[in-house]
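Okay, here's what each chain looks like letter by letter:
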Amino acid sequence: MIAERMGQTLGQPVVVENRGGSGGNIGGEMVARAAPDGHTILMGVTGLLTTNPHIYRSMSFDPAKDLAPVSMAYTSDLVIVVPNSLPVRSLQDFVAYARARHGQLSFGSSGHGASTHTAAELFRLQAGLDMQHVPYRGSGAAINDLMAGTIQMMAIQIAGAAGQIRDGQVKALAATGPRRHPLIPDVPSIGEAGFPGAVATSWGCVMAPGSTPVPIIARLNQSVVDALSTPTVQQRLSNAGVDGEASTPDALTALLEAEREKWGRVVKEARISVD
C-alpha cells in the first residue's frame with residue numbers, strides 16, 4: 001500500500017520483493033549489503049530489528065550499524081486470545097487458571113522471536129506464569145490449534161484475529177496496546193486488565209543500507225511521509241487493522257534504541273535463543 005504511493009512520488013516503480021526466512025534475517029541482510037543509492041530499501045519489523053540480534057547466536061549483519069532508519073511506517077497492536085473451551089472470562093481469570101496448572105499449559109506464536117512470541121513472553125513474565133512456548137510457521141496455524149484447544153493462549157495481531165473474535169470462535173482477553181483498539185472496542189487494554197507493564201505493539205519501518213547518504217535518506221523519508229499522509233493509504237491501512245504512522249529518521253533511531261533495550265531484557269529473562 002505504501003510502496004504504490006511512494007512510486008508515484010519518486011517517479012519510478014517501487015517493487016515489493018518478499019524475502020522470507022530466518023526471522024527476517026535473509027531480507028535484512030540483502031538490504032544491508034545493497035548499494036547505498038536509495039534503490040534498495042527494507043520494510044523492517046519488530047523482530048528483525050530489535051529481538052533477532054539478541055536471540056540469534058550469530059548474524060551476518062548488525063541491524064543497528066548496517067541499516068539506516070528512514071521512517072516509521074505503521075504500528076499494529078496485538079490481542080491475547082484463548083480457546084472458547086477454557087473456563088475463563090478475563091485476563092485475571094486466565095492468570096489464576098494458569099497458576100493453578102503450573103507448567104501444564106502452552107502458548108503459541110508465529111515463530112521464535114516474532115512479536116507474537118515476545119509479546120506473549122512479556123505478559124507471561126509480568127504475570128509470573130510457567131507455560132511452554134510452541135512456535136508455528138505463521139499465525140494462521142497457531143490460531144487454528146488454539147481454537148482446537150491444542151494450545152491454551154497466544155498473542156496475535158488484532159487484524160489477524162478480529163474475524164474469529166467477532167464470530168465468537170475465540171475469547172479475547174486483552175489488547176496489548178496502551179489503549180483499547182477500535183476494531184475490538186469491548187476488549188480491555190492490557191493495562192486495564194491489570195498488567196500495564198506488558199504493553200507491546202508490533203510495527204514496521206522503512207530502512208536503507210547503513211551508509212546511505214543523508215540527502216537520499218531525506219528524499220526517501222519525504223516519500224514515506226507523503227504516502228502516509230494520503231487519505232486513501234490511511235484508510236486501506238486502517239481497514240487492514242494497522243495504523244499508518246510516519247516519523248523523522250531521528251525519531252525512528254530513538255525508538256529503535258529503546259525497543260532494542262526493552263526486548264533485549266525480555267529475551268534474556270525468558271531465555272529465548274535460536275541456533
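Note: the structure precedes this text.
*Asks:* Could you clarify how one ought to interpret the overall build of the protein in this entry?
*Replies:* Helix and strand counts for the protein come out as 11 helices and eight strands. What you see for the protein is a C-alpha radius of gyration of 19 Å, in line with the 19 Å of a compact globule of 275 residues. Considering only contacts in the protein between residues 6 or more positions apart, those separated by 24 or more positions represent 76%. Of the roughly 12,600 Å² of accessible surface on the protein, 49% is carried by carbon and sulfur atoms. Counting 21 positive and 23 negative side-chain charges, the protein places the averaged centre of each group 4 Å from the other.

*Asks:* Honestly, the pairing of strand β7 (residues 201-209) in this entry has me stumped. Any pointers?
*Replies:* Within a regular strand, side chains alternate between the sheet's two faces. Summarising burial for β7: eight of the nine residues are buried, a large majority. The pairing of strand β1 (residues 42-45) with β7 spans four bridges and is antiparallel. Note on β7: the bridge partner recorded for L42 is M207. Across nine bridges, strand β2 (residues 67-83) lies against β7 in antiparallel orientation. Each residue of the ladder has a partner; that of M72, found in β7, is C205.

*Asks:* Which parts of the structure should I look at to understand the pattern of salt bridges?
*Replies:* This structure, assessed with the given rule, holds seven salt bridges. Between R180 and E192 there is a salt bridge; the shortest N-O distance is 2.9 Å. Of the two residues, R180 is situated in the loop between β6 (170-175) and β7 and E192 in the loop between β6 and β7; the sequence distance between them amounts to 12 residues. Assessed through its relative accessible area of 39%, R180 is described here as partly exposed. Salt-bridge contacts for E261 lead to R265; the nearest nitrogen and oxygen are separated by 3.5 Å. Of the two residues, E261 and R265 both sit in helix α11 (residues 249-270), four residues apart, roughly one turn of that helix.

*Asks:* Please explain the packing of aromatic side chains as it appears in this structure.
*Replies:* Geometry of an aromatic ring pair is reported as the spacing of the ring centres plus the angle between the planes. Enumeration according to the criterion identifies one aromatic pair in this entry. Each ring, one from F123 and one from F195, has its centre 5.4 Å from the other, and the planes form 90 degrees; the classification is edge-to-face. Taken together, the residues span a long stretch of sequence, with F123 in helix α6 (residues 115-127) and F195 in the loop between β6 and β7 at a distance of 72 residues. F123 gets classed as buried once you look at its relative accessible area, which sits at 0%. Sitting over the ring of Y97, R101 keeps its end group 3.7 Å from the ring centre.

*Asks:* Looking at this structure, how should I read the layout of surface pockets?
*Replies:* In this approach the atoms are scanned with a rolling probe the size of a water molecule, which exposes any empty space left behind. Empty space within the second largest pocket amounts to approximately 170 Å³. Forming the boundary of the second largest pocket are S110, G111, H112, P135, Y136, R137 and G138. Residues of the lining of the second largest pocket, tallied by class, amount to two nonpolar, four polar and one charged.

*Asks:* Can you walk me through the environment of A240 in this structure?
*Replies:* For A240, the position within the fold is in the loop between α10 (231-239) and β8 (243-244). You can call A240 partly exposed: its relative accessible area is 34%. For the pair A240 and Q164, spaced 76 residues apart in sequence, the C-alpha separation works out to 15 Å. Once you skip the residues sitting within four places of it in the chain, A240 turns out to touch M1 and A159.

*Asks:* It is not clear to me how the packing of helix α1 (residues 2-10) against helix α9 (residues 214-228) should be interpreted in this structure. Could you clarify?
*Replies:* How two helices pack is summed up by the angle between their axes together with the distance between the axes. Where α1 contacts α9, the two axes come as close as 8 Å, and the packing angle between them is 120 degrees. In terms of orientation, α1 lies oblique with respect to α9. Along this stretch, α1 crosses α9, giving a crossing that reads as right-handed. Contacts from I2, R5, M6, T9 and L10 in α1 reach R219, L220, S223, V224, D226, A227 and L228 in α9. Within the contact of α1 with α9, the residues separate by chemical class into seven nonpolar, two polar and three charged.

*Asks:* What is the right way to look at unusual backbone geometry in this model?
*Replies:* Note: most residues except glycine have negative phi, and most peptide bonds are trans. In this structure, S22 is a non-glycine residue whose phi angle is positive, near 55 degrees. By the secondary structure assignment, S22 is in the loop between α1 and α2 (25-32). One non-glycine residue with positive phi stands out, namely R271, at about 55 degrees. By the secondary structure assignment, R271 is in the segment after α11.

The rules we used
Residues numbered from 1 in each chain as written. Predicted model: local features only at pLDDT ≥ 70, side-chain atom pairs only at ≥ 80, totals over all residues. Heavy atoms only, no water. Helix = DSSP H or I, 4+ residues; strand = E, 2+ residues; numbered from the N terminus. Rg over C-alpha atoms; globule rule 2.2 N^0.38 Å. Contact = heavy atoms within 4.5 Å. Areas by Shrake-Rupley, 256 points an atom, 1.4 Å probe, with all protein chains shown as cover. Lys, Arg positive; Asp, Glu negative; His and termini not counted. Charge placed at Lys NZ, Arg CZ, Asp CG, Glu CD. Buried < 20%, exposed > 50% of the residue type's maximum accessible area, 1.4 Å probe, protein only. Pairing = 2+ DSSP bridges. Salt bridge = Lys/Arg side-chain N within 4 Å of Asp/Glu carboxyl O. Phe/Tyr/Trp six-rings, centres within 6.5 Å; stacked < 30°, edge-to-face > 60°. Lys NZ or Arg CZ within 6 Å of the ring centre and 35° of its normal. 1 Å grid on protein atoms, 1.4 Å probe; cavity = no way out; pocket = protein on both sides within 12 Å on 5 of 7 lines; lining within 4 Å. Points joined across faces, edges and corners; volume = space filled by probe spheres on them. Nonpolar A, V, L, I, M, F, W, Y, C, P; charged D, E, K, R; others polar. Axes fitted to C-alpha atoms, helices over the stretch in contact; angles between N-to-C directions. Parallel < 35°, antiparallel > 145°, perpendicular 65-115°, else oblique. Left-handed = near helix turned anticlockwise from the far one by under 90°.

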